[in-house]
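As a plain string of letters, each chain reads:
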Amino acid sequence: MQFDNIIDRTPSNAYKWERYKGRDILPMWIADTEFRCAEPIIDALKSRAEHGLLGYTLPAHAEGANQAVIDWMSKQYGWQIEPEWLVWTPGVVPAFNVACKAYCQPGDKVIVQTPNYPPMLAAPKLHGLTRADVPTVEIDGRWMLDFDVLEKHAKDPKCTLFILCNPMNPVGSMLDEAQLTRIADICAQNNVMLCSDEIHCDLILDTEAKHIPAGKLAAAKDNSVTLMAASKTFNVAGLGTSFAIIPDAKVRQRFNQAAQGLVPWVNVMGLAATQAAFTQCDDWLSAQLNYLRGNRDYLVAQINQIDGLRVLAPQATFLAWIDASGLGVANPQAYFEEKGIGPSAGIDFGDKQFVRINFGCPRSQLEQAIACLKK
């Protein structure tokens, strides 16, 4: 299978591999996969480069890419969106930072679930805002938001924005319709803008689960910004291309005004890759999801056999949030690195007793990691 192939990323200066360059440590941290892009994406990039002119392209004029997103929303989620709802951004991180600028005033509070990936935790402070944390609790074998704390924060008039991550990074949980509706209702009733980062929404591993975009809900349509991208799903994050879907014209205008002079257009290669991903790569995506399911099941079974480690099976993403508190060590990150594995440090996400492992890699690398842990 193509996903079994180990590709040397050294010539590309891949950030994931640069961290442990020259050390006998297998990088399993940052959230990009070790999989070669689908051939239609590579062909689209070659074709665009061979055209020979790489000047300015206004994303709104890229009709093929825009239509690809519209059709993808309809096919994947039954969400009928209008072309004017689309706002292209050079990544979801710039986008939710723009949301902080657009919908908050100095001294306001931004609600963020924890644990969460570092750029989302950092965003409020970057804009002179205070972060109001909503903890994640274990319920019936899944990590889930503490809705009581969310509701308490939302009732604070200073809380004006909730940056949601769904599917959740690092815990891998998904919100079902009832849970998402409850969030939308809480936000609407308390005048809290909902900005939903859904960058992993096409990486659903539980076959019975279905992703619901926040902006699709009636309660959130006029009060939401939904962030998506092809980047994680199709391993094109280095092209810096994502999009926001903002149904309400006034909400969209505030977002665009906040981005002016700071956020550049997405690049032409990213537009080409997104169009190809959403129109020509269904078979590749299906094969990748099957491979990731196998990786997840293998990793969960093996980790839960190791004394001191515990993991709940993620419903989505290619990331596993591993509880290392049972090891009895002060620094689980250092413990893993000494074993020859380089995960993401849990302290960066909000809990120093965890680590996050990226299982978007050839099975042989996962087997190597497990063998190292069992030494």
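Residues numbered from 1 in each chain as written. Predicted model: local features only at pLDDT ≥ 70, side-chain atom pairs only at ≥ 80, totals over all residues. Heavy atoms only, no water.

Peer 1: For this particular structure, what's the right way to read the sheet that holds strand β8 (residues 224–228)?
Peer 2: In a beta sheet, neighbouring strands pair by backbone hydrogen bonds and run either parallel or antiparallel. If you trace the 8 strands from one edge of the open sheet to the other, you get β2-β9-β8-β7-β6-β3-β4-β5, paired in mixed fashion. Single-partner strands in this sheet number two, and they are β2 (86–89) and β5 (142–145). Here the average twist between neighbouring strands, direction ignored, is 25°. As defined by bridge partners, strand β3 (residues 109–114) adjoins strand β6 (residues 159–165) across 4 bridges and the pair is classed as parallel. (Pairing = 2+ DSSP bridges. Helix = DSSP H or I, 4+ residues; strand = E, 2+ residues; numbered from the N terminus. Axes fitted to C-alpha atoms, helices over the stretch in contact; angles between N-to-C directions.)

Peer 1: Which parts of the structure should I look at to understand the environment of D348?
Peer 2: Here D348 shows up in the loop between β13 (344–345) and β14 (354–358). For the pair formed by D348 and I111, sequence separation is 237 residues and the distance between their alpha carbons is 18 Å. Among residues more than four places away in sequence, those in contact with D348 are N116, P118 and L121. (Contact = heavy atoms within 4.5 Å.)

Peer 1: Please explain the packing of helix α6 (residues 147–154) against helix α7 (residues 177–189) as it appears in this structure.
Peer 2: Helix packing geometry: the angle between the two helix axes and the distance between the axes. Relative to each other, α6 and α7 sit at 15°, their axes nearing to 10 Å. The orientation of α6 relative to α7 falls into the category roughly parallel. The two elements α6 and α7 meet at a crossing, and its hand is right-handed. Between α6 and α7, the contacting residues are F147, D148, L150, E151 and A154 on the first element and Q179, R182, I183 and I186 on the second. Split into classes, the residues belonging to the contact of α6 with α7 amount to 5 nonpolar, 1 polar and 3 charged. (Parallel < 35°, antiparallel > 145°, perpendicular 65-115°, else oblique. Left-handed = near helix turned anticlockwise from the far one by under 90°. Nonpolar A, V, L, I, M, F, W, Y, C, P; charged D, E, K, R; others polar.)

Peer 1: Would you take a moment to explain the environment of N191 for this structure?
Peer 2: With respect to the helices and strands, N191 occurs in the loop between α7 and β7 (193–197). Among the residues examined, N191 registers a relative accessible area of 66% and is labelled exposed. C-alpha separation for the pair N191 and L150, spaced 41 residues apart in sequence, amounts to 13 Å. (Buried < 20%, exposed > 50% of the residue type's maximum accessible area, 1.4 Å probe, protein only.)

Peer 1: Whenever I open this one, α7 confuses me. Can you help?
Peer 2: The periodicity of an α-helix, 3.6 residues per turn, causes residues three or four positions apart to be oriented the same way. Spanning 13 residues, α7 covers 18 Å between terminal C-alpha atoms, matching the ideal 18 Å at 1.5 Å per step. Restricting attention to buried positions, one finds in α7 the residues L180, I183, A184, I186 and C187. Axial view of α7: buried residues confined to an arc of 160°, hence all on one face. Counted as exposed and oriented over 90 degrees from the buried face of α7: E177, A178 and Q189. Buried-residue contacts for α7 involve β5, α6, β6 and β7. By the N-cap criterion, in which a side-chain oxygen at the helix start approaches the backbone nitrogen of a residue two or three places on, α7 is capped by D176, the distance to A178 being 3.2 Å. With its phi angle positive at about 55°, N191 sits one or two positions after the end of α7. (Expected span 1.5 Å × (residues − 1). Arc of directions from axis to C-beta. Polar contact = N/O pair within 3.5 Å; in protein donor to acceptor, adjacent residues only side chain to side chain.)

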